[in-house]
Amino acid sequence: MDSLTNNPSIGLKLLKNLSPQSEKGTPQYYTQKLKHFLQLQIEQLAAQPQIQWTRVVYQDPQMSDRQQVIETSQMPFSFAKETLAYLQNEGWLANVSSALALKPIDAETIEKGFYYCHFGESSQPNQYLLLFAKGPLSHTQRQFIKRTAASIGEYLDEHQQNWQHRQKIQILEHLVQRVGHQLRHPLGLISLYAHNLTHLLAPSKEQEQASVICKTAHSLNQTLTEIVQCASSKKLQIVPQDIRNLVHKTLEEFQGWISEKDIQVCCSDRTLILKLDPLQIKQAISNLLSNAIHFSPQGAKIFIDWQEQQGDVLLTLRDEGPGLSTEDLQKLFKPFYTRRSEGTGLGLAIAQKVVLDHGGKLWARNAPKKGAEFSISLPRLIPCINLSEDNTAC
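Residues numbered from 1 in each chain as written. Predicted model: local features only at pLDDT ≥ 70, side-chain atom pairs only at ≥ 80, totals over all residues. Heavy atoms only, no water.

**Student:** Account for the overall build of the chain, naming residues and giving values.
**Tutor:** Across its full length, the chain holds nine helices and 12 strands. In the chain, the share of contacts with a sequence separation of at least 24, taken over all contacts with a separation of at least 6, comes to 68%. Here the chain has roughly 20900 Å² of accessible surface; of this, 52% comes from carbon and sulfur atoms. (Helix = DSSP H or I, 4+ residues; strand = E, 2+ residues; numbered from the N terminus. Contact = heavy atoms within 4.5 Å. Areas by Shrake-Rupley, 256 points an atom, 1.4 Å probe, with all protein chains shown as cover.)

Below, the structure is given as structure tokens:
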């Protein structure tokens with residue numbers, strides 16, 4: 001454990017300026033974001049009257065298998081050499097329960113007042129919260145510590161899952177880029193030769209077949225473009241953008257289809273500005289909207305709303321279609337999974353990749369009454385600018 005030394009007494013460090021500064025979507029960004037969250041959690045614990053020192057020990061899959069340590073204290077505070085050695089040995093972790101519980105460390109070699117709390121059943125044994133209290137902890141303080149440990153455990157689990165998902169995406173990126181380049185040239189030749197044949201042949205069955213080949217090659221080329229786009233790792237072009245304008249521009253592109261199905265779009269008119277890549281986020285919204293229109297019955301409604309929520313911006317899109325099956329909820333964001341006969345199964349995978357690259361989240365659920373609801377949560381980077389009242393119209 002890096003922060004423990006052989007010094008007989010040590011003033012424990014307080015990490016500062018851990019808010020994510022790296023480019024969104026990079027491993028460094030997620031590591032800094034995790035450190036920032038953990039720092040805030042243990043600072044809240046250290047602010048409690050009885051608690052003089054707190055430490056969180058965890059593993060970040062992006063930082064190999066080494067344990068990571070963040071700690072803070074009420075200054076000044078120091079340890080004896082024997083205490084440091086005993087804590088570093090971690091022998092007291094041998095009988096850690098899988099249940100979320102706050103337990104004292106009873107040992108003759110160290111002073112009384114040390115407690116540890118495991119991060120819950122899904123957490124690894126070597127991930128825990130450690131603290132020192134100068135007196136007995138009240139029931140309220142114990143419950144606060146356990147709730148903090150539970151929050152840390154949930155965040156670590158989510159961090160692990162996001163890392164695994166990004167690893168799968170990275171493998172898919174390399175595979176698709178390589179296959180895409182290999183297919184593009186022969187597909188172009190097929191399209192060119194079929195196009196020439198349609199003009200050289202006299203009207204006949206053979207000319208019709210050549211025309212079908214030409215259209216099919218064109219369709220395959222579009223599909224290949226979507227696949228390569230899904231696997232691209234373009235640098236984000238971050239600029240301040242009004243969510244309202246972005247959504248309205250997307251709706252304009254689908255106006256013909258919306259009118260054809262006599263769909264009524266109930267859309268927020270709230271101005272909300274944040275920093276993002278407008279082209280990519282617009283693509284993600286477009287993919288969600290396309291699904292909503294496709295699965296909406298004639299004369300249905302689609303609801304689109306966005307708002308600030310706990311420091312993030314939450315955008316929701318809800319339709320009145322058939323909703324999502326259990327299989328849909330499990331496979332929605334997997335590449336090539338689709339229930340649309342003409343679909344490639346890449347729309348939602350692309351949308352999720354875009355949102356993840358922005359450091360956000362995309363999830364889906366069945367709406368309370370009917371239909372499906374998709375939600376995008378994006379981190380807030382600049383203050384909200386409200387230029388108009390919320391005039392939601394339906």
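**Student:** Any details on the packing of aromatic side chains? Residues and values, ideally.
**Tutor:** Summed over all chains, the structure comprises four aromatic pairs. Relative to tyrosine 155, the ring of phenylalanine 37 lies with its centre 4.0 Å away and its plane at 10 degrees, an arrangement referred to as stacked. Separated by 118 residues along the polypeptide, phenylalanine 37 in helix α1 (residues 27-46) and tyrosine 155 in helix α3 (residues 139-200) bring together distant segments of the chain. Taking the centre distance of 6.1 Å and the plane angle of 75 degrees together, the rings of tryptophan 53 and phenylalanine 114 count as edge-to-face. Here the residue tryptophan 53 occupies a position in strand β1 (residues 51-59), and phenylalanine 114 occupies one in strand β4 (residues 114-118), the gap between them amounting to 61 residues. With a relative accessible area of 0%, tryptophan 53 lands in the buried category. (Phe/Tyr/Trp six-rings, centres within 6.5 Å; stacked < 30°, edge-to-face > 60°. Buried < 20%, exposed > 50% of the residue type's maximum accessible area, 1.4 Å probe, protein only.)

**Student:** I'd like a description of the pattern of salt bridges, backed by residues and values.
**Tutor:** Enumeration according to the criterion identifies 11 salt bridges in this entry. Arginine 270 serves as the salt-bridge partner of aspartate 305, at 3.3 Å between the closest nitrogen and oxygen. Of this pair, aspartate 305 sits in strand β9 (residues 301-309) while arginine 270 sits in the loop between β7 (264-267) and β8 (273-276); the two residues are 35 residues apart in sequence, bridging distant segments of the chain. A relative accessible area of 17% places arginine 270 in the buried class. Shared partners join several salt bridges into a network, and the residues in it are Asp242, Arg244 and Asp269. (Salt bridge = Lys/Arg side-chain N within 4 Å of Asp/Glu carboxyl O.)

**Student:** An account of a nonpolar patch on the surface is needed here, citing residue identities and associated values.
**Tutor:** Together, Leu175, Val179 and Leu183 make up a nonpolar patch on the protein surface, roughly 250 Å² of accessible area in all. Residue placement: leucine 183 occurs in helix α3. Judged by its relative accessible area of 43%, leucine 183 is partly exposed. (Patch = residues over 30% accessible without salt bridge, like charges linked within 9 Å, V, L, I, M, F, W, Y side chains within 5 Å.)

**Student:** Run through the environment of serine 286, naming residues and quoting values.
**Tutor:** Of note, serine 286 is situated in helix α7 (residues 278-295). As a C-alpha pair, serine 286 and glycine 347 span 61 residues in sequence and 8.9 Å in three-dimensional space.

**Student:** So what's going on with α1? Which residues, and what values?
**Tutor:** With 20 residues, α1 should reach 28 Å at 1.5 Å per residue; the first-to-last C-alpha distance of 29 Å fits that figure. Restricting attention to buried positions, one finds in α1 the residues Tyr29, Tyr30, Thr31, Leu34, Phe37, Leu38, Gln39, Gln41, Ile42, Leu45 and Ala46. (Expected span 1.5 Å × (residues − 1).)

**Student:** Hey, could you go over the confidence of the model for the chain for me, with residue numbers and the actual values?
**Tutor:** In the predicted model, the chain carries a mean pLDDT of 80, and the fraction of residues at 70 or more is 82%. Considering only residues more than four positions removed or in separate chains, one finds that residues 1-20, a stretch of pLDDT under 50, has 58 contacts. Segment residues 382-394 is flagged for pLDDT under 50; beyond a separation of four residues in sequence, or across chains, it makes 29 contacts in the model. (pLDDT = per-residue confidence, 0-100.)

**Student:** Give me helix α9 (residues 347-357): which residues, what numbers.
**Tutor:** Note on helix geometry: an α-helix contains 3.6 residues per turn, so any two residues three or four positions apart are oriented the same way. Burial of α9 is extensive: 10 of the 11 residues sit out of reach of the surface. Of the residues making up α9, those classed as buried are Leu348, Ala349, Ile350, Ala351, Gln352, Lys353, Val354, Val355, Leu356 and Asp357. Taken from the residues just after α9, glycine 359 is the one with a positive phi, measuring 75 degrees.

**Student:** Outline the sheet that holds strand β10 (residues 312-318), listing residues and values.
**Tutor:** Pairing in this open sheet of five strands is mixed, and the strands run β7-β9-β10-β12-β11 from one edge to the other. The outermost strands of the open sheet, each flanked by one partner alone, are β7 and β11 (361-366). Neighbour-to-neighbour, the strand axes of this sheet turn through a mean angle of 15 degrees, independent of strand direction. Pairing between β11 and strand β12 (residues 372-379): six bridges, direction antiparallel. Bridge pairing in β12 links alanine 364 to phenylalanine 374. (Pairing = 2+ DSSP bridges. Axes fitted to C-alpha atoms, helices over the stretch in contact; angles between N-to-C directions.)

**Student:** Go over the packing of α7 against α9 with me, naming the residues and quoting the values.
**Tutor:** Closest axis-to-axis distance for the α7/α9 pair is 9 Å, and the angle between their directions is 145 degrees. Relative to α9, the crossing made by α7 is left-handed. Packed against α7, whose contacting residues are Gln280, Ile281, Gln283, Ala284, Asn287, Leu288 and Asn291, the element α9 presents Gly347, Leu348, Ile350, Ala351 and Val354 at the interface. Counted by class, the contact of α7 with α9 contains seven nonpolar, five polar and no charged residues. (Left-handed = near helix turned anticlockwise from the far one by under 90°. Nonpolar A, V, L, I, M, F, W, Y, C, P; charged D, E, K, R; others polar.)

**Student:** Now, about the packing of helix α5 (residues 243-253) against α7: what can you tell me, with residues and values included?
**Tutor:** Helix-helix packing is characterised by the crossing angle of the two axes and by the distance between the axes. At a minimum axis distance of 10 Å, the contact between α5 and α7 shows a crossing angle of 50 degrees. It follows that α5 is oblique to α7 by the angle criterion. The interaxial crossing formed by α5 with α7 has right-handed handedness. Contact residues: Leu246, Val247, Lys249, Thr250, Leu251 and Glu253 in α5; Pro278, Ile281, Lys282, Ile285, Ser286 and Leu289 in α7. Split by residue class, the contact of α5 with α7 holds seven nonpolar, two polar and three charged. (Parallel < 35°, antiparallel > 145°, perpendicular 65-115°, else oblique.)

**Student:** Lay out the environment of alanine 107 in plain terms, naming residues and giving numbers.
**Tutor:** Structurally, alanine 107 can be placed in the loop between β3 (102-104) and β4. Exposure remark for alanine 107: the relative accessible area of 13% places this residue in the buried category. C-alpha of alanine 107 to C-alpha of tryptophan 92: the two residues are 15 residues apart in sequence and 8.6 Å apart in space. Apart from residues no more than four positions distant in its own chain, alanine 107 is found in contact with Tyr86 and Lys112.

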